[in-house]
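So the chains spell out like this:
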Amino acid sequence: MRATQEAILAEMRRWGYRYVVTPSLENLDALALGLEADQRRRLFKLSDGDGSLLALVGERTVPVARLAAGKLRTAPLPLRLCYAGPVLTNDPDRFTRRREAHQVGAELIGASGSVADAEVIAMAARCLEAAGLHGYQVDVGHSGFFQGLLDGLELPPESKSGIKSLLARRDFVGLEALLEQTPLRSAEHELLLRFPALRGQADILEAAGKLVRNRRSEQALEELSRVHSLLGAYGQGETVNLDLGAIRDFDYYTGVIFEAYGQDLGSPLAQGGRYDRLLGRFGRPAAATGFMVHLDLVGEGLRRSGRAPELIRLDAAVAWSAAGLDSALRLGASLRLFGMRAVVDTQARGQASAGAWAAGLGARHLLRVEASGLVGWAPAGGRLRRLPAEQVVVRLAGGS
Amino acid sequence: MISIAIPTGVLLQGSLDLLRRSGAVELDREEIGRKLLVEKDGLRVVLVRPADVAAYVDYGSADLGVVGKDQLWESPGPHYELVDLCFGGCDLVLAAPEASPLDDPETWPPAMRVATKYPRATAAFMERMGQTVEMVRLHGSVELAPQLGLVDAIVDLTASGRTLRENRLRVVAEVGRSTARLIANQASLKTRTEALQELVSRLRAHVS
């Protein structure tokens, strides 16, 4: 998992994102500013000495936003920041899902518009690639499309909030029943019911454009069209689908949103989108977009496709006989100087037990330092030879 | 290959009938009951306990599932609830002994003790009514509890009302209406869109 995390962070650095460290424990009030009620409920809470409530972070966008609006408030915008770390949530539902999960994410703060949206989406795709995943796909949608539909409906506010909460629960049976009780019979009503099916390539934007009659939805379609063509320029045209039915936290996201899916994984690998209102809540209004990758799921995807990262192998196990300890320690240090991974034994061993010890460590080479200071070494397929330490180092470093 | 989880019990026959009517796959009850997992006509059908359908779908081990709404009340998750399949209809009701003073919500005591197999649905209903409730979670023969004075009332499913009558219970309030539903995994809808949409529309078209 650490290797995957490193690969993703390295990709983010290549895009000019600066790594920031945010706390795992935050003031509950501060965290709550960026979370919906359901997410707030799931936070692990504890109380501070003075009685105020603290919480363990359930996601890290809010802490990063706080940092951008606080410590980094004089840093010029746009800010490109990335982070990695555990997030903790309490899931009272029937599954005991793991409470601690690992996320890596990036935020582009202070840039609005399609170019910024496309940068973040393309980078998310490249991050999955860097982690070693293939056959993933990215679904791009827009929160304004649905908001526009809803604004355009002539319904009392209770019905609108009912529609929202049914959609948030993905309950289309309930939605259909609710819509049947309303006098609505418009193309937009039909569109609401066909929500999850509105996916595809650029042609669906045109099709959807004919069905909606409100400025907000039309604007969303225009933005999606621009982002889609920019993603083509990034070389991500193949991996991207447009998804007008994307259902995400309606009150948090303010523009383009996206999710990445792997093959045969039941939930999204990565999620993100534009959240232009969050920074303002911390006193530094700024447009922002970003995403996070669920590392645990990426690991599951890699394991299923047989591409789980190999455990790192030791290059050398250095054993020693009673008089050879000092030489053995020097040999270990030289090997490390050449970038090799070497373990020096903590006790003296005879020839036979040294073999078993090195095999147990999974080391590529067993080097046995003898009383004479010479090193016993059997190159792959070769017979045992005794060589001066420097020669062994040079030959191992040379790749034999 | 698309996989669909169907439940044992009262919804099994309806599920198999729907799969057959829609031309998706023809399976007999014996075969699926014996093998639990059958691959036929490009479809993988798995037979699981009613309460487990949502778990298989939510984790993506099954793309689709047929499940009673009564189970979904108790197992909220990230699945999409797509179609009301209209069979297996029954009501979740609050029922009390015939002689009980419980009637309109106004007559309910400040705190009511209720036995049920459906704690989440019961809690949501009582909260809507503003009723304080003490819940006793039972796993079977819930009808017995009020007769022995364990609880004031029960919240349970009833199709015909016969079991209630036989136990001299009467319906005090409707809590919810349940029928079989078609649910789908969130990622399957995105990664196998075409095959899944095609099957979903076929099933939808054959809802009776």
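Residues numbered from 1 in each chain as written. Chains lettered and ligands numbered in written order. Predicted model: local features only at pLDDT ≥ 70, side-chain atom pairs only at ≥ 80, totals over all residues. Heavy atoms only, no water.

> Looking at this structure, how should I read the overall build of chain A?
A tally of regular secondary structure across chain A gives 16 helices and 17 strands. Projected onto the principal axes, the alpha-carbon positions of chain A cover approximately 95 × 55 × 45 Å. Pairs at least 24 residues apart make up 68% of the contacts formed inside chain A by residues separated by at least 6 positions. Put simply, chain A shows about 18,400 Å² of open surface, and 51% of that area lies on carbon and sulfur atoms. (Helix = DSSP H or I, 4+ residues; strand = E, 2+ residues; numbered from the N terminus. Contact = heavy atoms within 4.5 Å. Areas by Shrake-Rupley, 256 points an atom, 1.4 Å probe, with all protein chains shown as cover.)

> When you look at the pattern of salt bridges in this model, what are you seeing that I'm missing?
Any two side chains of opposite charge can pair, so long as their charged atoms come close to each other. Applying the stated criterion to the full structure yields 27 salt bridges over all chains. When the shortest N-O distance is used, the salt bridge between Arg274(A) and Asp276(A) registers 2.9 Å. Of the residues examined, Arg274(A) reaches a relative accessible area of 3% and is grouped as buried. According to the relative accessible area criterion, Asp276(A) is partly exposed, its value standing at 29%. Put simply, Arg202(B) and Glu198(B) hold a salt bridge, and the shortest N to O gap is 3.2 Å. (Salt bridge = Lys/Arg side-chain N within 4 Å of Asp/Glu carboxyl O. Buried < 20%, exposed > 50% of the residue type's maximum accessible area, 1.4 Å probe, protein only.)

> Teacher, can you tell me more about the sheet that holds strand β3 (residues 43–48) of chain B here?
With mixed pairing, the six strands of this open sheet are ordered in space as β2-β3-β1-β4-β11-β5 (chain B). Of all the strands in the sheet, just β2 (37–40) and β5 (80–84) of chain B have a single pairing partner and so form its edges. Between one strand axis and the next, the sheet turns by 25° as a mean value, whatever way the strands run. Sheet strands in contact with helix α8 (residues 172–180) of chain A are β5 and β11 (180–184) of chain B, and its direction is about 55° off that of β5(B). (Pairing = 2+ DSSP bridges. Axes fitted to C-alpha atoms, helices over the stretch in contact; angles between N-to-C directions.)

> What am I meant to see in the interface of chain A and chain B here?
When the parts of a complex come together, some accessible area is lost, and that lost area is often taken as the interface size. At the interface, 26 residues of chain A touch 28 residues of chain B. For the pair chain A and chain B, the summed buried area comes to about 2,100 Å², and 46% of that belongs to carbon and sulfur atoms. The salt bridge involving Arg192(B) is made with Asp264(A); its shortest N-O contact spans 2.5 Å. Listing elements by their share of the side of chain A that touches chain B, those giving two or more residues are β7 (137–142) and α8 of chain A. (Buried area = accessible area lost by both parts, 1.4 Å probe.)

> Explain the layout of surface pockets to me, please; I cannot follow it from the model alone.
To locate leftover empty space, one rolls a probe as large as a water molecule over the atoms. Space inside the second largest pocket adds up to approximately 780 Å³. Around the second largest pocket, the lining comprises 29 residues; the ones closest to its centre are Pro50(B), Asp70(B), Gln71(B), Tyr118(B) and Leu157(B). (1 Å grid on protein atoms, 1.4 Å probe; cavity = no way out; pocket = protein on both sides within 12 Å on 5 of 7 lines; lining within 4 Å. Points joined across faces, edges and corners; volume = space filled by probe spheres on them.)

> What should I look at first to understand the sheet that holds strand β10 (residues 256–261) of chain A in this one?
By definition, the strands of a sheet pair up through backbone hydrogen bonds, in either a parallel or an antiparallel sense. Residues and elements named next belong to chain A. The sheet built from nine strands is open, its strands ordered β1-β5-β6-β12-β11-β10-β7-β9-β8 with mixed pairing. The strands lining the two open edges of the sheet, one partner per strand, are β1 (18–19) and β8 (199–200). As paired elements, β7 and strand β9 (residues 240–243) share three bridges and run parallel to each other. The residue of β9 that forms the bridge with Asp 139 is Asn 241. The sheet contacts of helix α6 (residues 143–152) involve β7 and β10, and relative to β7 the element is tilted by about 35°.

> What exactly am I supposed to notice about empty space enclosed by the protein here?
Using the criterion set out here, one finds two cavities of 30 Å³ or more in the structure. Counted as a void, the largest cavity has a volume near 50 Å³. Around the largest cavity, the lining residues are Asp264(A), Leu265(A), Gly266(A), Gly60(B), Asp63(B), Asn185(B), Ala187(B), Ser188(B), Thr191(B) and Arg192(B). A per-class count over the lining of the largest cavity returns two nonpolar, five polar and three charged. Its boundaries defined by the atoms lining it, the second largest cavity holds a volume of some 40 Å³. (Nonpolar A, V, L, I, M, F, W, Y, C, P; charged D, E, K, R; others polar.)

> Would you mind showing me how to read helix α5 (residues 119–129) of chain B here?
Residue pairs spaced three or four apart in an α-helix point in one direction, given the helix's 3.6 residues per turn. Residues and elements named next belong to chain B. Those residues of α5 not exposed but buried are Pro 119, Ala 121, Thr 122, Phe 125 and Met 126. Buried residues along α5 cover an arc of 160° about the axis, so they all sit on one side. Residues of α5 that are exposed and angled more than 90 degrees away from the buried face: Glu 127 and Arg 128. Just downstream of α5 lies Gly 130, where phi reads positive at about 70°. (Arc of directions from axis to C-beta.)

> Honestly, the confidence of the model for chain B in this entry has me stumped. Any pointers?
Keep in mind that low pLDDT regions are not for reading the predicted coordinates in detail. Residues and elements named next belong to chain B. For chain B, the average pLDDT comes to 92, and 100% of its residues sit at 70 or higher. Confidence, expressed as mean pLDDT per element, reaches its minimum in chain B at helix α8 (residues 186–191) with 88 and its maximum at strand β4 (residues 64–68) with 97. Quick note on the complex model: pTM equals 0.82, ipTM equals 0.77. (pLDDT = per-residue confidence, 0-100.)

> How should I be thinking about the packing of helix α5 (residues 114–130) of chain A against helix α11 (residues 215–233) of chain A in this particular structure?
Helix-helix packing is described using two parameters, namely the angle between the two axes and the distance between the axes. Residues and elements named next belong to chain A. Their axes nearest at 9 Å, the elements α5 and α11 cross at an angle of 50°. Our classification of the angle between α5 and α11 gives oblique. The chirality of how α5 crosses α11 is right-handed. Only Glu 223, Arg 226, Val 227, Leu 230 and Leu 231 of α11 make contact with α5, whose side of the interface consists of Ser 114, Val 115, Asp 117, Ala 118, Ile 121 and Ala 122. (Parallel < 35°, antiparallel > 145°, perpendicular 65-115°, else oblique. Left-handed = near helix turned anticlockwise from the far one by under 90°.)

> Can you help me understand the state of the cysteines in this one?
Each disulfide consists of one covalent bond between the sulfur atoms belonging to two cysteines. Here the structure, examined in full by the defined rule, presents zero disulfides over all chains. The cysteine Cys82(A) is free of any disulfide, with Cys127(A) supplying the nearest cysteine sulfur at 8.7 Å. The thiol sulfur of Cys86(B) is not disulfide-bonded, and the nearest other cysteine sulfur, from Cys90(B), lies at 13 Å. (Disulfide = S-S within 2.5 Å.)

> Would you explain the packing of aromatic side chains in this entry?
Geometrically, a pair of aromatic rings is defined through the distance of the ring centres and the angle of the planes. Residues and elements named next belong to chain A. A full pass over the atoms with the stated rule returns six aromatic pairs over all chains. The interplanar angle of 35° and the centroid separation of 5.8 Å between the aromatic rings of Trp 15 and Tyr 234 together place this pair among those described as tilted. Pair noted here: Trp 15 is in the loop between α1 (2–14) and β1 and Tyr 234 is in the loop between α11 and β9, with a separation of 219 residues, a long-range link. A relative accessible area of 21% places Trp 15 in the partly exposed class. (Phe/Tyr/Trp six-rings, centres within 6.5 Å; stacked < 30°, edge-to-face > 60°.)

> Mind showing me how you'd approach the packing of α1(A) against helix α13 (residues 295–304) of chain A here?
Residue and element names in this part refer to chain A. Contact geometry for α1 and α13: axes closest at 10 Å, N-to-C directions at 110°. With respect to their mutual orientation, α1 and α13 come out roughly perpendicular. For the crossing formed where α1 meets α13, the hand is right-handed. In this structure, α1 uses Thr 4, Gln 5 and Ile 8 to contact α13, whose residues at the interface are Leu 295, Val 298 and Leu 302.

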